Amino acid sequence: MGSKRLWKKTRLKKSYDAVMIGGGIHGLAAAYFLARDHGITNVAVIERRYIGFGGSGRNTAIVRANQRTQGNVRLYDEGLKLWATLIRELDFNMMFYNCGNLNTLHSEAAMGAARLAVCTAQLSGVRSELLDRKQCKELIPALNIEDNITYPILGGMYHPPGGIVRHDAVAWALAKGASRYGVHIHQNTEVTNINVEKGKVTGIITNKGTLKSPRVLICAGGYGALLAQMAGIKLPIHPLTIQAMVTQPLKPILNHVISSGAYHVYANQTLKGEIATGAHMDPWPNYTTNTTPYYMKHQAEALTELLPCLKGVKFMRHWAGIADMTPDMAPILHGNDPIEGLYLDVGWGYFGFKSGPITGKYMAEYMAKARRPQILKPFSLRRFEQFRHTGETAGAFSYGPWN
Amino acid sequence: MSYTITCPICGKRDLYEFRFGNEERGPYPNQKGLTPRAYSEAVQMHEAVGGIQKEWWYHRDGCGVWFTTWRDTLTGREVLQPEETS
Ligand SMILES: Cc1cc2nc3c(=O)[nH]c(=O)nc-3n(C[C@H](O)[C@H](O)[C@H](O)COP(=O)(O)OP(=O)(O)OC[C@H]3O[C@@H](n4cnc5c(N)ncnc54)[C@H](O)[C@@H]3O)c2cc1C
Ligand SMILES: [Zn+2]
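Thresholds applied
Residues numbered from 1 in each chain as written. Chains lettered and ligands numbered in written order. Predicted model: local features only at pLDDT ≥ 70, side-chain atom pairs only at ≥ 80, totals over all residues. Heavy atoms only, no water. Helix = DSSP H or I, 4+ residues; strand = E, 2+ residues; numbered from the N terminus. Rg over C-alpha atoms; globule rule 2.2 N^0.38 Å. Buried < 20%, exposed > 50% of the residue type's maximum accessible area, 1.4 Å probe, protein only. Contact = heavy atoms within 4.5 Å. Areas by Shrake-Rupley, 256 points an atom, 1.4 Å probe, with all protein chains shown as cover. Donors = N, O, S within 2.8 Å, 3.2 Å for Na, K, Ca; no water. Tetrahedral: all angles 85-135°; square planar, octahedral: opposite > 155°, others 65-115°. Domains from an automatic or database assignment. Buried area = accessible area lost by both parts, 1.4 Å probe. Core = buried A, V, L, I, M, F, W, Y, C linked by side-chain atoms within 4.5 Å. Salt bridge = Lys/Arg side-chain N within 4 Å of Asp/Glu carboxyl O. Pairing = 2+ DSSP bridges. Axes fitted to C-alpha atoms, helices over the stretch in contact; angles between N-to-C directions.

An account of the overall build of chain A is requested, with residue identities and associated values reported.
Across its full length, chain A carries 8 helices and 19 strands. Relative to the 2.2 N^0.38 estimate, which gives 22 Å for 403 residues, the radius of gyration of chain A is 21 Å and therefore close to what a compact globule would have. Each principal axis of the C-alpha atoms in chain A carries an extent, and together these give about 65 × 55 × 40 Å. A buried classification covers 59% of the 403 residues belonging to chain A. Within chain A, contacts between residues separated by at least 24 positions form 77% of all contacts whose residues are at least 6 apart in sequence. Split by element, the accessible area of chain A, about 16,200 Å² in all, is 51% carbon and sulfur.

Structure below.
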């Protein structure tokens, strides 16, 4: 059997009806849905390196819809429900494993925050419940619920419909789907400037030539702020390096996604048996993807306290990506302001995988109709100068034994 | 090589001993006539420079001094003040 190309190789045209800057899940999804739902097929996805080079190929693949605020939950819930449809529609096995997520809670303050998040979820029709520490142990027998650790577990927030989706498969499937509608995917093509005339976007400059386009979407993940700068737009974004790693493969011991705000750790066991675990971000801006032993030590210590059977297990691989953090931990989904035809899909931090396809769908509608879909209303760039933050930072992860 | 920051008192120390205090952005804006937008600009918007920038750092796990230094956000390394290197 010869190898089959998932997407067609094409020549860079001089003009497109829409251009996506960044070949991650967001750009590919926006292109796919522009073609599928709006008949706009003269579209290019411009990627500096290769499809999935950014966060889309580096994340820990966790999907869920138990955010703190209703505006967020609405979008993420639709996103969660979209996976099954996409898998069928694109005929691509994305290995959706809806094993459920358990957030362990290590203080009364975190229990209180989780109670509010559970109410938000239940009000929005999303399954989420509060567990006591014994119920956490029933869910994950390997969990340490004793008092002999730095932050003993008081309870948990359990969200059954969440889980894991294979991230590379999502990127490849969307590229394949978009290409089938005629979308161009240009890898190794770097955007070096964005052309604006009289308040309107007119196209982009790349290292392979200048393209005209009346619609440009900045969906460059952690590099989004650099692209926005090309159009003279300043964003409330800090690009922070975030690290992840996997252990050697083990027999099944962890059949849920587990995360702990107090320990700054989230982990799941992959279908291959590795424990994939993500760490916290370096709290200073960087556009680098370097790893540091600091986090390896941190992950080892945290995981050993929470799941003592992992003591002595070896890490096999370690990598990093960039999280584009906004002050309220919610994205910026914005368009035609201050530049007509220029759209922003940035500020996803470490939440932009689970939301990729659904956001692409709505950004496509935004770009086709030049009108912001209702569901994207909470995510305007203008909310910052109005000091109307989404309130997402009040999630249980922000609370620990220290408050 | 591990990442370092140079404290004016303690010298070159491991980066993780420090707390980041934002990019240097000049004096705080005048309160008089300050609009929400200008205030937002001052406190929320970032240059997010891809390259060398002047930053504030705090030696948290050390002597507790606040100081500024220069760093390249494309490499994560502390660098000399640009004028001195050119
Ligand atoms: C370690 C880690 C763990 C994470 N865990 C999770 C998780 O469990 N769940 C979750 O939902 N999210 C998670 N995230 C966040 C998620 O990965 C990102 O939010 C998401 O991938 C963003 O997708 P994107 O398509 O917007 O951008 P990206 O996938 O980052 O794609 C942007 C692309 O733009 C390209 N680009 C940049 N500059 C240019 C230029 N000048 N010209 C052309 N192209 C350019 C880049 O090469 C890149 O391929 C995690 C992120 C990291 C790093
Ligand atoms: Zn010092």
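Tell me about the coordination of the zinc ion (ligand 2), and name the residues and values.
Residue and element names in this part refer to chain B. Here the zinc ion (ligand 2) is held by Cys-7 (SG), Cys-10 (SG), His-59 (ND1) and Cys-63 (SG), and the distances to it run 2.0 to 2.3 Å. Here the zinc ion (ligand 2) is ringed by 4 donor atoms whose angles at the metal span 103 to 123 degrees, and the overall shape comes out tetrahedral. Within one chain, the residues donating to the zinc ion (ligand 2) are spaced in sequence as C-x2-C-x48-H-x3-C.

Kindly report on the domain arrangement of chain A, identifying the contributing residues and their values.
All names here are of chain A. By the assigned domains, chain A splits into domain 1 (18–59 + 167–236 + 328–399) and domain 2 (101–160 + 238–325). Taking only C-alpha atoms, the centre of domain 1 and the centre of domain 2 are 29 Å apart. Each partner contributes to the interface: domain 1 provides 18 residues, whereas domain 2 provides 20 residues. A combined buried area of about 1,500 Å² lies between domain 1 and domain 2, and 63% of that area is made up of carbon and sulfur atoms.

Could you give an account of the nonpolar core, with specific residues and numbers?
All names here are of chain A. Ranked by size, the top nonpolar core spans 69 residues in total, and within it Met-20, Leu-75, Met-94 and Leu-174 carry the most contacts. With 9 residues, the top contributor of residues to this core is helix α1 (residues 25–38). Here Met-94 is in contact with Trp-83, Leu-86, Ile-87, Val-165, Arg-166, Ala-169, Val-170 and Ala-173, once residues within four sequence places are set aside. With 34 residues, the next largest nonpolar core counts Tyr-16, Ile-21, Ile-332 and Leu-342 among its residues.

Give me the environment of Gly52(A): which residues, what numbers.
All names here are of chain A. Counting through the fold element by element, Gly-52 comes out in the loop between β2 (43–46) and β3 (62–63). Gly-52 gets classed as buried once you look at its relative accessible area, which sits at 13%. A sequence separation of 116 residues divides Gly-52 from Asp-168, and the C-alpha atoms of the two residues are 6.8 Å apart. In this structure, Gly-52 is in contact with Gly-23 and Gly-57, ignoring residues within four places of it in sequence.

Run through the interface of chain B and chain A, naming residues and quoting values.
Between chain B and chain A, the residue contacts involve 28 residues of the former and 27 residues of the latter. Of the roughly 2,200 Å² buried between chain B and chain A, counting both surfaces, carbon and sulfur atoms make up 59%. Contact with chain A buries area across many residues of chain B, yet Tyr16(B), Gln44(B) and His46(B) alone supply 31% of it, more than any other trio. Our enumeration of links across chain B and chain A arrives at 3 salt bridges. Glu47(B) serves as the salt-bridge partner of Lys234(A), at 3.1 Å between the closest nitrogen and oxygen. Listing elements by their share of the side of chain B that touches chain A, those giving two or more residues are β3 (19–23), α1 (36–43), β4 (52–58) and β5 (66–72) of chain B. Element by element, the count of residues in the side of chain B that touches chain A is highest for α1(B), at 6 residues.

Residue-level account of the sheet that holds strand β15 (residues 265–269) of chain A, with values.
Residues and elements named next belong to chain A. Taken together, 8 strands build an open sheet; the order of strands is β5-β6-β4-β14-β15-β16-β13-β17 and the sheet is mixed. The strands lining the two open edges of the sheet, one partner per strand, are β5 (129–132) and β17 (315–325). Going across the sheet, the axis of each strand differs from the next one's by a mean of 25 degrees, ignoring polarity. Bridge count between strand β13 (residues 238–247) and strand β16 (residues 275–285): 5 bridges; the pairing is antiparallel. Bridge pairing links Met-245 to Thr-277 in β16.

Account for the sheet that holds β5(B), naming residues and giving values.
Residue and element names in this part refer to chain B. Pairing is antiparallel in the open sheet, where 4 strands are placed in the order β3-β4-β5-β6. Both edges of this open sheet fall to β3 and β6 (77–79), since each of them pairs with a single strand only. The sheet shows a mean angle of 50 degrees between the axes of neighbouring strands, direction not considered. In the sheet, β4 pairs with β5 via 7 bridges, with the strands oriented antiparallel. From the neighbouring strand, Lys-54 faces β5, where its bridge partner is Trp-70.

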